[in-house]
Amino acid sequence: MTYIAKPKLHHPSLPINKLGYTRRDYEGAISTLCAGCGHDSISAAIIQACFELDIEPHRVAKLSGIGCSSKTPTYFLGNSHGFNSVHGRMPSVLTGANLANRELIYLGVSGDGDSASIGLGQFAHSMRRGVNMVYIVENNGVYGLTKGQFSATADKGSRSKRGVMNTDASIEMVALAMQLGATYIARSFSGDKEQLVPLIKGAIEHKGAAFIDVISPCVAFNNHEGSTKSYDYVREHNEAVNRIDIIPLHDTITAQYAPGTVTEVRQHDGSVLRLRKIAADYDASDRIAAMNYLQQHHSQGEVVTGLLFVDEESEDLHGHLNTLAVSFNTLGEEDLCPGAAALAKINASLR
Ligand SMILES: Cc1ncc(C[n+]2csc(CCOP(=O)(O)OP(=O)(O)O)c2C)c(N)n1
Ligand code: SF4
Ligand SMILES: [Mg+2]
């Protein structure tokens, strides 16, 4: 694959994080997406989140499928591990990598075509298994790379650039993630970095399947009147239910809030999510109530955003399978092969 490398020079006064890295150290190659594509803003939010969390780039594995969205890992975290898989197959490749090496931070980047059509089964199983990952769908309601056909997330009744109406019911990825048991579920908008960056940070610190549906307008094929994934539509119909602040483990809590205005959720790694409610009747710890709320508001044409559900007691696939605490890829032959006597015993027990 060809790509355009970014010049290395940067201003000497750029802020550095605890590792001594600047934001530029988390960038990748120059983007070749259309100017104004929402996907580029998501890449910028990922870069910002990793910079702010002081993540060592070599600890991240970024995986994707096929599509404009799936091309984006080339444009961020140039010093991380990367794997561009086959269309819709990112979740199974990521699951395998995660089982072999549980030490890395897994970032799966996909599109609505990649995840809601050809990869729907793969998406479903990674959610229900609780694979420890951040799964981002860059949702523009079309197959951008193949010239703008409706995808399965396009709303019924919405119109294509040429005026054709979509008559199929849409697949709501957030509703599916809720039903399938994901333990951190959020929705955001590529045009709202203030909301998106903390949601990505919270997802990175979450142990288990973290899913973020990011509405990300396609300026080439789905940014017109009649689309429900355009910049204008999302800005007009965006209903944020909460805002979150992330306090990583090594940071002390300084800002104080009046009692009752903030809910604190402590994650497995000790980091704290501070949830400031905007919608008084929204409870991000109640899966069933959240599902009802989302369906009701979706039917009114609203785009509900924020941290939609979080399970403080989440567990991941390794916990479910009771695997070893050390990564499989560090084990030697002695650990992996039980020996002839043990195998004979297992075989005997199956006769
Ligand atoms: C097996 C297979 N089928 C079909 C395609 C053609 N194809 C390439 S990308 C794509 C859809 C991409 O849509 P989406 O995931 O929404 O990404 P976007 O470009 O909108 O970001 C399709 C159908 C393919 N590459 N491989
Ligand atoms: S075709 Fe659409 S999704 Fe693809 S880069 Fe252009 S604006 Fe982005
Ligand atoms: Mg798409």
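This text follows the structure it describes.
Every value quoted in this text rests on a predicted model; they were computed, and no experiment measured them. (Residues numbered from 1 in each chain as written. Chains lettered and ligands numbered in written order. Predicted model: local features only at pLDDT ≥ 70, side-chain atom pairs only at ≥ 80, totals over all residues. Heavy atoms only, no water.)

Considering the packing of aromatic side chains
(1) Moving on: All chains considered together, the criterion is met by seven aromatic pairs.
(2) Moving on: Centroid distance Y26 to F51: 6.2 Å. Interplanar angle 75 degrees. Geometry classified as edge-to-face. Note that Y26 is positioned in the segment before α1 (38-52) and F51 in helix α1, a separation of 25 residues in sequence.
(3) Moving on: Judged by relative accessible area, which is 11%, F51 ranks as buried.
(4) Moving on: Joined through ring pairs, the aromatic side chains of Y21, Y26 and F51 make up one cluster.
(5) Moving on: Note that K62 overlies the ring of F76, its terminal NZ or CZ placed 5.7 Å from the centroid. (Phe/Tyr/Trp six-rings, centres within 6.5 Å; stacked < 30°, edge-to-face > 60°. Helix = DSSP H or I, 4+ residues; strand = E, 2+ residues; numbered from the N terminus. Buried < 20%, exposed > 50% of the residue type's maximum accessible area, 1.4 Å probe, protein only. Lys NZ or Arg CZ within 6 Å of the ring centre and 35° of its normal.)

Concerning the packing of helix α3 (residues 90-100) against helix α5 (residues 120-129)
(1) Moving on: Look at α3 against α5: their axes get within 8 Å of each other, and the N-to-C directions meet at 35 degrees. Here M90, P91 and S92 of α3 come into contact with α5, specifically with Q122, F123 and S126.
(2) Moving on: Taken together, the residues of the contact of α3 with α5 break down into three nonpolar, three polar and no charged. (Axes fitted to C-alpha atoms, helices over the stretch in contact; angles between N-to-C directions. Contact = heavy atoms within 4.5 Å. Nonpolar A, V, L, I, M, F, W, Y, C, P; charged D, E, K, R; others polar.)

As for a nonpolar patch on the surface
(1) Moving on: Residues L324, V326 and F328 make up a contiguous nonpolar surface patch of roughly 250 Å² in combined accessible area.
(2) Moving on: Relative to the helices and strands, V326 resides in the loop between α10 (317-321) and α11 (333-336). (Patch = residues over 30% accessible without salt bridge, like charges linked within 9 Å, V, L, I, M, F, W, Y side chains within 5 Å. Areas by Shrake-Rupley, 256 points an atom, 1.4 Å probe, with all protein chains shown as cover. Salt bridge = Lys/Arg side-chain N within 4 Å of Asp/Glu carboxyl O.)

Observations regarding the pattern of salt bridges
(1) Moving on: Under the defined criterion, the tally for this structure stands at nine salt bridges.
(2) Moving on: With a closest N to O distance of 3.1 Å, R276 and D245 form a salt bridge. Placement of the pair is R276 in strand β12 (residues 272-277) and D245 in strand β10 (residues 242-247), with a sequence separation of 31 residues.
(3) Moving on: The class for R276 is partly exposed, based on a relative accessible area of 30%.
(4) Moving on: The partly exposed category is assigned to D245, whose relative accessible area is 24%.
(5) Moving on: The residue R274 makes a salt bridge to E264 at a minimum N-O spacing of 2.8 Å. Of the two residues, R274 is situated in strand β12 and E264 in strand β11 (residues 262-266); the sequence distance between them amounts to ten residues.
(6) Moving on: Residues participating in the shared-partner salt-bridge network are R23, R24 and E27.

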